[in-house]
Structure formats: structure tokens, C-alpha cells
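# Chains, contacts and geometry: an overview
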Amino acid sequence: MTTTQTPPSDTTSTDDDFMAGELPTRRQDKLFEGITTGAGILILLTLAGVAFFLVQKSLPSLELPAESLPNAEDIGGYTWPLLFGTVYSAIIALLLATPLAIAIALFMTHYAPSKLAKTLGYVVDLLAAVPSVVYGLWGIFVLAPFFVPVYDFLADTLGWIPLFAPVVTPSGRNMASAALVIAVMILPIIASVSKEVFLQTPRLHEEAAMALGATRWEVIKTAVLPHGRSGVIGGAMLGLGRALGETMAIALVLSPTPGLIGFAVFTAQNPSTIAANIALSFPNFGGQERSALFATGLVLFVATFVVNYIARRIAGESTGY
Amino acid sequence: MRMSMRSRALTAITLSSALVLAGCGGDSSDGDTETDAAAEDSSASEEMTGSEEMTGSEDGLSVSGTLNGAGASSQAAAMQGWIAGFQEGNPDVTVNYDPVGSGGGRETFLSGGATFAGSDAYLDADELAASEDRCAGDGGAVDLPHYLSPVAVAFNLPDITTLNMDAATIAGIFAGDIANWNDDAIASTNPDVELPDLAINPVHRSDDSGTTENFTDYLTQAAGDAWGYDVIETWPTEAGGEGAQGTSGVVQAVAAGEGSIGYADASQVGDLGTVAVQVGEEFVEYSPEAAAKILEVSEQATDRPEGDFAFDLTRDTEEAGVYPIVLVSYHIVCKQYESQEEVDLVKAFMEYVQSEEGQQASAESAGSAPISQNLRDQMTPVVESIATAG
């Protein structure tokens with residue numbers, strides 16, 4: 001009895017409150033609108049503030065006297081190899097991570113029993129929660145030495161390809177190891193975005209394919225992958241954004257050679273990346289030289305911005321994401 | 001950590017993980033434990049003297065206040081030992097040392113932001129002139145070599161703990177010209193060692209470093225044409241090799257890869273094999289004593305103010321028993337300060353640092369080589385003469 005009575009009385013009281021308190025509610029509404037608008041403006045101001053700060057701090061780098069930068073003539077010559085290293089390492093990582101992430105996502109959505117898929121989903125998300133410095137330490141102490149025999153084998157058999165040119169660095173601190181570590185780091189975001197778009201493949205498409213006698217692989221090939229393509233690309237771009245800005249893992253794992261532009265991934269001479277170089281060089285650079293680091297930071301800021309913009313564009317076109 | 005950061009606090013926080021993990025993680029933890037040990041020792045000796053008045057600086061008075069220094073990170077571990085030891089006797093003093101780097105330290109000192117500077121290089125002529133404005137009176141500042149640290153050339157080869165090399169061989173290895181361990185240049189000075197057929201992987205500091213500067217200074221002076229890159233703080237791109245961040249990074253990289261060789265603060269090389277360097281007719285292993293001898297055979301820089309102890313190290317010396325790859329780091333102090341408080345603090349601290357006890361503290365916390373008694377006797381009057389202007 002009591003339970004059936006309570007809801008109506010509740011409703012009435014709320015209605016009463018609403019009727020009586022129309023004015024205060026509207027005031028609260030206004031207040032809340034103000035807070036959220038403020039939050040929105042704040043994020044824009046922060047972004048603008050960062051951009052302004054970077055531009056202002058990096059301007060003096062244009063007037064840096066020659067020879068004040070290590071192994072570079074001017075700010076352009078200093079930034080260019082770093083930008084190359086940043087993009088190069090990120091692209092290798094992306095090429096390593098994307099196929100694996102798609103496979104994981106397909107396994108979770110189409111092959112694994114739902115319980116296992118759920119657990120696996122948690123584990124993959126957990127990978128994203130590991131701090132990058134931990135990945136860096138893991139990379140330098142475990143992954144790099146572990147892969148040295150693989151590098152040795154590839155350099156011995158395929159060393160004529162410039163990519164695999166010897167001499168392999170015996171500690172494994174090279175571009176290949178750095179890219180592998182980043183690949184593990186960007187795996188979760190690509191996998192989870194891919195999983196979401198694969199799940200949203202219209203049931204009808206898949207059933208239609210099956211009705212035509214398609215095997216599970218053919219269903220994936222004809223229905224799931226085409227539907228999810230733009231979503232996967234969007235996820236990969238988000239991963240690329242993270243890879244571009246990755247700092248600690250690269251700072252720890254990569255053996256940097258300032259001023260170098262080279263494609264060999266197994267040797268001890270590797271182009272460094274912008275983010276890692278800022279972290280490593282900041283304590284050494286004083287006064288005006290520091291502006292060069294800010295300038296490279298500005299370049300990275302713009303590059304990441306562009307990548308994210310492209311990612312949003314592609315992801316926005318997708319029906320699933 | 002007793003080193004407080006001031007204006008660079010934010011930077012320090014942002015980069016602290018980089019520094020702690022990539023830079024001096026191993027150093028500082030070692031330093032801490034040994035500093036504690038040193039602190040216990042000195043407190044024990046105080047208990048034995050049993051009198052309150054005895055605690056304090058050498059003139060018997062305990063000073064108080066805050067002393068700010070900034071400069072070379074090479075001294076950071078030693079500075080922990082010095083600060084801990086000094087504060088044992090002067091509990092009311094806070095000594096802050098900001099390890100911003102040598103150049104940054106000199107800049108901060110000359111602009112008045114620090115009472116003393118730590119620097120791997122002595123003041124150049126321009127900076128000496130600037131120091132006359134910065135310091136009270138017109139005496140300017142002086143350089144005191146308080147920190148001597150042998151730099152070891154360490155390698156990772158199974159079952160080999162020491163190798164003899166001359167300077168030209170070391171230069172050839174680090175320039176990439178000698179690429180295999182069984183090269184004749186190495187074999188000829190090591191007839192009794194069976195050298196493996198293994199590629200040499202030279203490891204260098206990827207960050208700007210006083211260690212690199214001192215190491216390449218040695219190569220430039222002693223190796224002749226074999227080293228073509230001059231004295232440098234930043235490793236040249238063309239010389240190749242593997243780059244690693246900080247002393248601990250180099251040691252880690254060498255330890256991780258068989259066939260690797262690197263140069264690093266001798267106290268940090270651990271179990272790695274080390275190179276005995278040819279000096280004259282013999283091969284000298286690094287040791288604190290052998291390292292301290294370098295100042296005895298080196299000439300003091302010319303055109304320096306009175307009381308200045310800037311040394312141009314003679315690394316191509318042929319004197320027996322001298323280990324030539326040594327990092328010398330200075331403390332830069334004014335001869336005259338504005339206030340009596342500054343004078344008391346600087347004097348007490350510098351007296352402690354160059355005392356036998358202070359040198360022992362840094363030897364324990366940073367593995368440095370204690371300065372010789374002879375040099376101490378020469379520097380003592382200079383430190384004692386620090387005074388207020390007028």
C-alpha cells in the first residue's frame with residue numbers, strides 16, 4: 001500500500017516545487033549555463049594561451065647566432081631532423097599497431113565469446129592506463145634487449161635494404177625499439193575505436209552477406225571492414241596524435257643523433273623526436289638557446305593540431321564514430 | 001633532496017621524471033645512503049668531543065642563514081654530501097644548490113641570483129670582468145677547484161676486466177675509425193688478452209656534458225690527429241655512436257650491450273671493465289690518487305686575478321702515475337661581499353668543502369678524488385681572506 005502511494009505523492013510534490021519555484025529554477029538554469037559556457041571559453045583561452053606562449057617564446061630563435069645550437073646552422077636545420085624523427089617514428093609505430101589493433105577489435109567483436117571479449121576489452125583499455133615512463137623503462141630493460149636477436153637476424157639477412165642496414169646497436173636502443181614501444185602505447189586507442197565501429201555494422205548487412213553463403217571472413221571483408229574503414233582511420237589518426245607527442249618512452253629508449261636524417265632503424269644513430277629532445281635538452285639549454293626548443297614545440301603543436309583535425313574530419317564522415 | 005629550486009621550480013617539476021629516471025637516478029640514491037653514513041660518522045665524532053661549542057665551523061662559531069648556489073650538475077651528488085656534512089656542524093644554515101648546469105650557474109652568479117656558482121669551466125675573461133661589477137669591492141671573483149672526478153673509459157666484454165689503450169686508440173674507437181675489438185691497435189697494447197671478433201659500439205653522452213668536454217679535451221690534447229672534432233660539449237653527428245642521457249644512461253647502455261664502450265664518471269661504472277690509459281711508458285688505471293695528481297702536473301691559467309686557481313689541465317702529460325681523464329669542477333666565489341652574513345656563510349661553507357673532512361664527504365657521496373694537501377694549503381688563505389667590502 002505504502003509503496004504504491006508514495007510515487008504519486010512524490011510526483012505531486014515535484015510538480016508543486018516546479019510550479020512554485022519557476023523563477024529560482026530559471027535562475028539556476030542561467031547560472032549553470034554560465035558555468036558551462038565559462039568552461040567552454042576557458043578551454044579555448046587555454047589553447048590560445050599555449051599558442052601565444054609558444055609563438056612568443058620561440059620568436060627569438062629566429063635570431064639565434066650561428067653555432068649556438070648543437071650540430072645545426074640555424075633553427076630550421078635544428079628543427080627539420082627532429083620533425084623528421086617525430087613523424088618517422090610515429091608512422092612506423094602506426095604501421096605496426098594498426099593491423100594488430102584491427103585484428104584485436106575483430107576478435108573481440110566477431111570471434112571471441114562475449115565474456116572473453118569483455119575481459120579482453122578491459123585489458124586493452126588497461127594498456128592505455130600505464131604511464132608512458134613505465135613503458136619507457138620496460139622498453140629499455142626488457143623489450144629492446146629481447147628484440148636484439150631479431151634485429152641481428154633481419155640485419156644479417158635483409159641488411160641490403162636501407163631500412164634494415166647494420167650495424168645493430170647491441171643495447172637495442174634504436175628506432176625499431178622506440179617504434180615498438182609507441183606501437184604498444186597507441187594500440188588501445190586504435191583497438192577500442194575500431195571495436196566500437198565494428199560493433200555498429202548494421203546487422204542487416206552482415207546477415208545479408210551470410211544469407212548469400214559468405215563465410216565469417218567474407219562477412220568481415222564485405223560488410224564489417226568497409227563500414228568501419230573511416231572509423232578505423234579516425235582511430236589510427238588519434239593514435240598518431242599520441243605517437244607524435246610521446247616523450248618519456250622515446251627519451252629513454254632511443255639513442256639520439258642530433259641533426260641526423262636517416263631511415264635505418266636498427267643502428268645506434270637515429271633521428272630524435274621533438275618531444276623527447278625538449279625533455280632531454282631543456283636542462284642544458286640556457287637563455288636564448290631555449291627559444292629553439294620552444295620553436296620545435298610550436299612545430300609539434302601545429303603538427304599535432306593538423307593530425308587531430310584530419311582525424312576529426314575522417315571520423316566525422318564515418319557513420320559509426 | 002635538500003636542493004631547493006627557485007625560479008625554475010615549474011621546469012623542474014615538468015622535467016623531474018626525466019631527470020630522476022634518465023639522469024641521475026642511480027647517482028642520487030647512492031649519494032643519499034652514503035651521505036647518511038657520512039652524517040652518522042660526523043655526529044658520532046661530535047658526541048665524542050662532547051662539547052656544544054665545538055660544533056660549528058672551524059673558527060668555532062656556528063653560522064646561520066641561507067646560502068644559495070647554482071651551477072654544474074656534475075657536482076650535484078658531491079654537493080649533497082657537502083651540504084649534509086656542513087649542516088651537521090651548522091644546523092641553522094640552509095644551503096641550496098640548484099644544479100642548472102655550469103653555464104646557467106655562472107650566469108645566475110654573475111647576475112647576483114646566487115652567492116656562489118659551481119662550474120666545470122673557470123670564468124673566462126669577459127666573465128671575470130663582469131664579476132668585478134657583481135662582487136663588492138673591486139676584487140671580482142675567484143675559481144676554486146674543489147671537485148675532481150676521474151672519468152673512466154668503461155667497456156662491456158665478457159671475461160675482460162681491463163685493457164691497455166693509448167690515447168690515439170681511444171680516439172679512433174670513439175670517432176668510429178676502429179670498429180672491431182680485434183683491431184691491431186687494441187691488440188698491440190694487449191698481447192696477453194684474447195680479443196673477440198666483435199663490433200665496437202661506442203656510447204657517448206647525448207646531452208651537453210662537462211664529462212664530454214673533459215673527455216674530448218683529453219682526446220684533443222693527447223691523441224693528435226686521431227681525434228678530429230676538437231673539444232666539444234655536444235657530441236658531433238659525424239662521429240656516430242650510440243647516445244645516452246646522463247652518466248647513468250651511458251653506464252646502462254654499455255652494460256646492456258656486449259661490445260659497447262663508453263666514458264662515464266668513474267664512481268658509477270660498477271662492474272664494467274675499464275681502460276688503463278697510456279701515460280708516458282706505462283698504463284694507468286683510474287684511481288682517486290692518480291686523478292688528483294693531474295693538478296700537480298698542470299699549469300695554472302695565466303692572466304688570472306690574485307687568489308684564482310684556474311687550471312689548464314695538461315692531459316698529454318708523461319708524468320708517471322697520473323690519470324689524465326679528470327673532470328675538474330670549480331666553486332666560484334667573490335673575494336668581497338656586501339653583507340657580513342654572506343661572508344660568514346660562504347667562508348664557512350668553502351672552508352668545510354675544501355677541508356679534509358669535506359673532501360672525504362664528497363668522495364663518499366660522489367666518488368670524487370680528494371684534492372691534495374698541497375693545493376689545500378694554497379687555497380686556504382684565499383678562502384680565509386673573503387671579507388666585506390671596504
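Described below are features of the structure shown in this document.

Analysis parameters
- Residues numbered from 1 in each chain as written.
- Chains lettered and ligands numbered in written order.
- Predicted model: local features only at pLDDT ≥ 70, side-chain atom pairs only at ≥ 80, totals over all residues.
- Helix = DSSP H or I, 4+ residues; strand = E, 2+ residues; numbered from the N terminus.
- Rg over C-alpha atoms; globule rule 2.2 N^0.38 Å.
- Buried ≥ 20, exposed ≤ 12 C-beta atoms within 10 Å, placed from the backbone.
- Contact = placed C-beta atoms within 7 Å.
- Nonpolar A, V, L, I, M, F, W, Y, C, P; charged D, E, K, R; others polar.
- Pairing = 2+ DSSP bridges.
- Axes fitted to C-alpha atoms, helices over the stretch in contact; angles between N-to-C directions.
- Left-handed = near helix turned anticlockwise from the far one by under 90°.
- Core = buried A, V, L, I, M, F, W, Y, C linked by C-beta atoms within 7 Å.

Helix and strand content of chain A: 11 helices and 0 strands. Listing the helices and strands of chain A from first to last along the sequence gives α-α-α-α-α-α-α-α-α-α-α. Rg of the C-alpha trace for chain A: 26 Å, well past the compact-globule value of 20 Å for 321 residues, more than 25% over. Out of the 321 residues in chain A, the part that is buried amounts to 42%. Considering only contacts in chain A between residues 6 or more positions apart, those separated by 24 or more positions represent 81%.

So, on to the overall build of chain B. Counting its regular elements, chain B contains 12 helices and 15 strands. Out of the 390 residues belonging to chain B, those deemed buried represent 54%. In chain B, 75% of the contacts between residues at least 6 apart in sequence involve partners at least 24 apart.

Okay, the interface of chain A and chain B next. Between chain A and chain B, the residue contacts involve 27 residues of the former and 31 residues of the latter. If you list the elements that add at least two residues to the side of chain A that touches chain B, you get α5 (132-158), α9 (248-253) and α10 (274-281) of chain A. Considered class by class, the residues forming the side of chain A that touches chain B number 16 nonpolar, 10 polar and 1 charged.

Next up on the list: the pairing of strand β13 (residues 326-334) of chain B. Residue and element names in this part refer to chain B. Across the 9 residues of β13, 9 count as buried, placing the element largely inside the fold. Alternating residues of β13 divide into V326, V328, Y330, I332 and C334 and L327, S329, H331 and V333, and every residue in both groups is buried. Judged from the 3 bridges that link them, strand β3 (residues 116-119) and β13 form a sheet pairing that is antiparallel. Paired with A117 across the two strands is I332, which belongs to β13.

Those residues of helix α9 (residues 288-297) of chain B that sit buried are A290, A291, A292, K293, I294 and L295 of chain B. Buried residues along α9 of chain B sit against β4 (141-155), β10 (282-284), β12 (311-312), β13 and α12 (373-384) of chain B.

Helix packing geometry: the angle between the two helix axes and the distance between the axes. Residues and elements named next belong to chain A. Where helix α3 (residues 75-111) meets helix α6 (residues 175-199), the axes come as close as 6 Å, and the angle between the chain directions of the two elements is 40 degrees. Relative to α6, α3 is oriented so that their crossing is right-handed. Taken together, the residues of the contact of α3 with α6 break down into 24 nonpolar, 4 polar and 1 charged.

Let's shift gears to the nonpolar core. One finds I170, Y323, V326, V333, V346 and F349 of chain B to be the most contacted residues of the largest nonpolar core, which totals 107 residues. In terms of residues, this core owes the most to one element, β4 of chain B, which gives 10 residues. With near-sequence residues (within four places) excluded, Y323 of chain B lies in contact with P150, V277, V284, Y286, S287, A290, A291 and I294 of chain B. Core analysis: the next-biggest nonpolar cluster, separate from the first, contains 79 residues, Y78, L82, L106 and A183 of chain A among them.

Structural measurements only, silent on function.
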